[in-house]
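# An overview of the molecular structure
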Amino acid sequence: MSLKKIAAVFATALSLTATSAVQAQENSEQILVLLSSETQMQLADGSSYETGYYLNEFGVPADELLKAGYELVLATPKGNAPAVDKNSVQAMYFGDDEAEMARIQEVIANLEGINDTHTLKEVIEQGLDQYSGVFIPGGHAPLIDLANNEDVRTILQHFHEQSKPTAAICHGPIALLSAQQSPVEYEQNIAQGAEAQATDWLYEGYSMTIFSNPEEATFEGSLNGKKLRYYPAKAMATAGSKMQFAADWQPNVVIDRELITGQNPFSDKQLASALISALQQRSK
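Just so it is clear, the model here is predicted, and its values are computed rather than measured.

### Examining the pairing of strand β6 (residues 131-136)
Of all six residues in β6, six are buried; the element is thus mostly enclosed. In terms of strand pairing, strand β1 (residues 30-34) meets β6 through four bridges, oriented parallel. Looking at the pairing, glutamine 30 lines up with tyrosine 131 of β6. Pairing between β6 and strand β7 (residues 166-169): three bridges, direction parallel. Following the sheet pairing, valine 134 is matched in β7 by threonine 166.

Shown next as structure tokens:
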């Protein structure tokens, strides 16, 4: 074969590859990712604790979703850049693999819109039908502005009514408490130790998991005597969910209908696998 013919074949192959890549991007399903806008979580004594999303809880599922061909659309209440919880930037969450941790950091840094997310109101106004699923990473930040948010309720109601995969990990499931009639009042009552009752909660009776009470107690022990306003697992159980827990720090994913929840940071890979499986099953 002449050099000209070889060059022509090579050019054609490159063109076909580029065309396929564009088509794949155009045809990829979209996953809505809900992240907190905040970094300062109020504690019981009124002081604050600096937090954000957990690196692996966001990055590992995001990486797996991208590899599977899904497009991620990032949204926060304020439309700002979400912050990583510095305490999560540890190789222990990546099998003690520093290189893998650095790779996941790069994955997040390269996500479209990571520094300029959509607001929750924007994604609602633009329409939620375009999304195949929703994913809520953990870190303590969701307790600040996702657990008591009317826009989160609107978003979750859509995915619930359409039976679209709804995944949340570690503290991410706390956002599910927004899907009730008066989430702000409910949260206030829980924090004050008053009688709390969730009204018309979409997930009443669902089996699910979240960061367990013993795991939270271990975290709280690092606060130098300070206390959290409330324990998320207790708040979820009080609302009417059927909580399921594994031993502390062991991977645990619970699936009930469209809902997929992971207990702790070490549930990241299992949660990603379960979410992708649910998305693929729904696409058949």
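So much for the structure itself; the text now carries on.
### Considering the packing of helix α2 (residues 55-67) against helix α10 (residues 268-283)
As a packed pair, α2 and α10 sit with axes 9 Å apart at the nearest point and diverge in direction by 40°. As far as their axial angle goes, α10 and α2 are oblique. Crossing of α2 over α10 shows right-handed handedness. Contacts between α2 and α10 involve Asn56, Val60, Pro61, Glu64 and Leu65 on the former and, on the latter, Asp268, Lys269, Leu271, Ala272, Leu275, Ile276 and Leu279. Class assignment of the residues belonging to the contact of α2 with α10 gives a composition of eight nonpolar, one polar and three charged.

### Topic: the layout of surface pockets
Over the atoms, a rolled probe matching the size of one water molecule traces out where space is still vacant. Of the voids in this model, the largest pocket is the one considered here, and its volume is about 310 Å³. In terms of lining, the largest pocket is formed by 19 residues, of which the most central are Tyr54, Tyr93, Phe211, Phe219 and Trp249. Along the lines of polarity and charge, the residues of the lining of the largest pocket split into 11 nonpolar, seven polar and one charged.

### Digging into empty space enclosed by the protein
The full count for this structure, using the stated rule, is one cavity of 30 Å³ or more. Taken as a whole, the largest cavity spans an internal volume of roughly 70 Å³. Surrounding the largest cavity, Leu34, Leu35, Ser36, Glu38, Gly52, Tyr53, Pro82, Ala83, Pro137, Gly138, Ala141 and Pro142 form its lining. Along the lines of polarity and charge, the residues of the lining of the largest cavity split into eight nonpolar, three polar and one charged.

### Overview of the pairing of strand β4 (residues 71-76)
Extensive coverage of β4 is indicated by the burial of five of its six residues. Of the strand pairs in this sheet, β1 and β4 are connected by five bridges, and their pairing is parallel. Bridge assignment links glutamine 30 to a residue of β4, and that residue is glutamate 71. As judged from the two bridges shared by β4 and strand β5 (residues 118-119), these two strands associate in the parallel manner. Bridged to alanine 75 within β5 is histidine 118.

### Regarding the environment of asparagine 80
With respect to the element layout, asparagine 80 can be found in the loop between β4 and α3 (98-109). Asparagine 80 sits 189 residues away from lysine 269 along the chain, and the two C-alpha atoms are 27 Å apart. When neighbours within four sequence positions are excluded, asparagine 80 is seen to be in contact with Ser37 and Thr117. For asparagine 80, the side chain forms a polar contact with the side chain of serine 37, separated by 2.7 Å.

Cut-offs used in this document
Residues numbered from 1 in each chain as written. Predicted model: local features only at pLDDT ≥ 70, side-chain atom pairs only at ≥ 80, totals over all residues. Heavy atoms only, no water. Buried < 20%, exposed > 50% of the residue type's maximum accessible area, 1.4 Å probe, protein only. Helix = DSSP H or I, 4+ residues; strand = E, 2+ residues; numbered from the N terminus. Pairing = 2+ DSSP bridges. Axes fitted to C-alpha atoms, helices over the stretch in contact; angles between N-to-C directions. Parallel < 35°, antiparallel > 145°, perpendicular 65-115°, else oblique. Left-handed = near helix turned anticlockwise from the far one by under 90°. Contact = heavy atoms within 4.5 Å. Nonpolar A, V, L, I, M, F, W, Y, C, P; charged D, E, K, R; others polar. 1 Å grid on protein atoms, 1.4 Å probe; cavity = no way out; pocket = protein on both sides within 12 Å on 5 of 7 lines; lining within 4 Å. Points joined across faces, edges and corners; volume = space filled by probe spheres on them. Polar contact = N/O pair within 3.5 Å; in protein donor to acceptor, adjacent residues only side chain to side chain.

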